[in-house]
Amino acid sequence: MTYSNEKTIKKKKRKAPQKECPECKSMVHARVSFCRECNHTFYIKKDVEQDLLAKNWRDLKAGDIIKVITGSGSYFLSKHNKNPDGSPLRIGMGHKGKFEVVEIVDQGSRSCGIVGRQLYTRGRRANVTEYIYMGEKYYNEDMIMHNEPHRIKVIKKLNRELPDA
Ligand SMILES: [Zn+2]
C-alpha cells in the first residue's frame, strides 16, 4: 500500500463527528455551541452569558439546568462557634449543585425563587423538589436567619431565546 492510499483510508474512517440541529435539521459539527443556519443554541459557552442568564432567572423554563454556587443562599450565624478571626461561624442553609428547573415562583421580593429537582451524577435526579430562594437579602429575627439569594449559573437552556443584553 502506498502512503497516499493509506491517507485516504484514514480520512474515510475519521469523519468529523456531527449532530443534527433540532430546529432546522441541518447537520453541524458535534462541538459547536450554536447552529450557524438558524442560531439555535446547543449549549451556553461563555461565563458572561451564564451570568446574564442567571440575572434573568425569572425567564428560566421547566427543564432548564442551573448550578447553584456552593456557599450561597441563606445562613445562620453560630452563637457558639467562631472563625479564627473571632467573627461568628456561618452555617449555610443554602442549596448547592445542579438542579433541573421545575417552576419559577414570583410572589414578591421575599417570596420568589426557583423550584428545582437536584441532579446527581449519571443523570439521576431527586424525586423531591427543592426551593431555591432568589429573593432579596434580609434578616429574619424570629428565625435568626440571614436570608440571601442563591448565586446560580445557567448550565443549559432548552429554548434558545437569550435575554436582551
Ligand atoms: Zn439550526
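As the structure is a computational prediction, the values presented were derived from the model and not from experiment.

A.B. asks: Looking at this model, I keep getting lost on the overall build of the protein chain. Mind explaining?
C.D. replies: Each helix and strand counted, the protein chain has two helices and 11 strands in total. Reading the helices (α) and strands (β) of the protein chain from amino to carboxyl end gives α-β-β-α-β-β-β-β-β-β-β-β-β. In the protein chain, which comprises 165 residues, the share counted as buried stands at 14%. Contacts in the protein chain between residues at least 24 apart in sequence constitute 47% of all its contacts with a sequence separation of at least 6.

A.B. asks: Sorry, what's going on with the nonpolar core here?
C.D. replies: Buried together is how nonpolar side chains tend to be arranged in soluble globular proteins. Of all hydrophobic cores here, the largest spans 13 residues; its most connected members are Ile66, Ile114 and Ile132. Of all the elements in the fold, those that place two or more residues in this core are strand 3 (65-68), strand 6 (97-106), strand 8 (125-133) and strand 11 (152-156). Apart from the residues lying within four places of it in its own chain, the contact partners of isoleucine 132 are Val68, His95, Phe99, Gly113, Ile114, Gly116 and His150.

A.B. asks: In this structure, what is going on with the sheet that holds strand 5 (residues 88-92)? I would like to understand it.
C.D. replies: Two orientations exist for strands paired in a sheet by backbone hydrogen bonds: parallel and antiparallel. Pairing in this open sheet of four strands is antiparallel, and the strands run 5-4-10-9 from one edge to the other. Bordering the open sheet on either side are strand 5 and strand 9 (138-140), each of which pairs with just one other strand. Looking at each pair of strands side by side, their axes are set apart by 35° on average, direction ignored. Strand direction decides the pairing type here: strand 9 and strand 10 (residues 145-147), joined by three bridges, are antiparallel. Bridged to asparagine 140 within strand 10 is methionine 145.

A.B. asks: How do you make sense of the sheet that holds strand 6 when you look at a structure like this?
C.D. replies: Taken in spatial order, the five strands of this open sheet run 8-7-6-3-11, and their pairing is antiparallel. Single-partner strands in this sheet number two, and they are strand 8 and strand 11. Taken over all neighbouring pairs, the strand axes of this sheet differ in orientation by 40° on average, direction set aside.

A.B. asks: What should I look at first to understand unusual backbone geometry in this one?
C.D. replies: Keep in mind that most residues, glycine aside, have a negative phi and that most peptide bonds are trans. Positive phi, normally seen in glycine, also occurs at lysine 25, with a value near 65°. Examined against the element boundaries, lysine 25 turns out to sit in the loop between strand 1 (18-20) and strand 2 (27-29). Looking at lysine 25, the number of C-beta atoms within 10 Å reads 10, which means it is exposed. If you check the backbone angles, asparagine 39 has positive phi at about 75° while not being a glycine.

A.B. asks: Can you walk me through the environment of tyrosine 133 in this structure?
C.D. replies: In this fold, tyrosine 133 is placed in strand 8. Of the residues examined, tyrosine 133 has 22 C-beta atoms within 10 Å and is grouped as buried. Placed 60 residues apart in sequence, tyrosine 133 and glycine 73 show a C-alpha to C-alpha distance of 7.0 Å. In this structure tyrosine 133 touches Gly73, Ser74, Gly113, Asn147, Pro149 and His150, once residues within four positions along its chain are discounted.

A.B. asks: Please explain the confidence of the model for the protein chain as it appears in this structure.
C.D. replies: One rule of thumb: low pLDDT means the predicted coordinates there are not for detailed reading. Per-residue confidence for the protein chain averages 87 on the pLDDT scale, and 86% of its residues sit at or above 70. Ranking the elements of the protein chain by mean pLDDT puts helix 1 (residues 3-13) last, at 56, and strand 7 (residues 112-119) first, at 97.

A.B. asks: Got a minute to help me understand the environment of glycine 73 in this structure?
C.D. replies: Along the chain, glycine 73 turns up in the loop between strand 3 and strand 4 (75-82). Judged by local crowding, glycine 73 falls into the buried class, with 23 C-beta atoms found within 10 Å. Counting along the chain gives 79 residues from glycine 73 to isoleucine 152, while the straight-line C-alpha distance between them is 9.8 Å. Residues in contact with glycine 73, not counting those within four places in the same chain, are Gly92, Met93, Gly94, His95, Tyr133, Glu148 and His150.

So, how was this worked out
Residues numbered from 1 in each chain as written. Predicted model: local features only at pLDDT ≥ 70, side-chain atom pairs only at ≥ 80, totals over all residues. Helix = DSSP H or I, 4+ residues; strand = E, 2+ residues; numbered from the N terminus. Buried ≥ 20, exposed ≤ 12 C-beta atoms within 10 Å, placed from the backbone. Contact = placed C-beta atoms within 7 Å. Core = buried A, V, L, I, M, F, W, Y, C linked by C-beta atoms within 7 Å. Pairing = 2+ DSSP bridges. Axes fitted to C-alpha atoms, helices over the stretch in contact; angles between N-to-C directions. pLDDT = per-residue confidence, 0-100.

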